[in-house]
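Working through the structure, step by step
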Amino acid sequence: QVQLVESGGGLVQPGGSLRLSCAASGSIVSINAMDWHRQPPGKEREMVAAIRSGGSTNYADSVKGRFTISRDSAKNMVYLQMNSLKPEDTAVYYCHGQIVAGRPAYTGSYWGEGTLVTVSS
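Quantities reported herein were computed from a predicted structural model and do not represent experimental measurements. (Residues numbered from 1 in each chain as written. Predicted model: local features only at pLDDT ≥ 70, side-chain atom pairs only at ≥ 80, totals over all residues. Heavy atoms only, no water.)

In space, the 4 strands of this open sheet follow the order 1-3-8-7, with antiparallel pairing throughout. Taken across any chain shown, the strands that pair with only one partner, and hence form the sheet edges, are strand 1 (2-7) and strand 7 (67-72). Recorded for the sheet is a direction-independent mean angle of 15 degrees between the axes of neighbouring strands. Looking at chain direction, strand 3 (residues 18-26) and strand 8 (residues 77-82) are connected through 6 bridges and run antiparallel. Within strand 8, the position partnered with Cys22 by the bridge is Val78. (Pairing = 2+ DSSP bridges. Helix = DSSP H or I, 4+ residues; strand = E, 2+ residues; numbered from the N terminus. Axes fitted to C-alpha atoms, helices over the stretch in contact; angles between N-to-C directions.)

Below, the structure is given as structure tokens:
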């Protein structure tokens, strides 16, 4: 099985920056795609950013130009650099991965438990 653990959340003022990290562990064979989602209180979860094995990326319109997703394939790590943060960015941020793992190997969908980002003055 695969475990995903997020870190880097916290309290930041509007206009500030945070960098979230997601570490994947387990019997990983390969990672097809990784993405970040967020869920503000009382709202639906939405995709924020995604990166595929080839390096292509996608972003929600609300974060384009402010957030950057990146990866360290050798360490099975994915990052989300968040700049120019706004109060509406406040949410629990979740790491998700489409990952090939196990014996025998199979493709599964895995979620971390989330990390809270609060943007407030």
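In this fold, Asp89 is placed in the loop between strand 8 and strand 9 (91-101). A polar atom in the side chain of Asp89 sits 2.8 Å from the backbone nitrogen of Lys86. Those residues in contact with Asp89 that lie beyond four places of it in its chain are Arg38, Arg66, Phe67, Ser84, Val117 and Val119. (Polar contact = N/O pair within 3.5 Å; in protein donor to acceptor, adjacent residues only side chain to side chain. Contact = heavy atoms within 4.5 Å.)

A few words now on the environment of Gly108. Position of Gly108 among the secondary structure elements: in strand 10 (residues 106-111). Residue Gly108 is classed as buried on the basis of its relative accessible area, which comes to 12%. Along the backbone, Gly108 and Asn32 are 76 residues apart, and their C-alpha atoms lie at a distance of 9.9 Å. When near neighbours in sequence (up to four residues on either side) are disregarded, Gly108 contacts Gly97, Gln98 and Ile99. (Buried < 20%, exposed > 50% of the residue type's maximum accessible area, 1.4 Å probe, protein only.)

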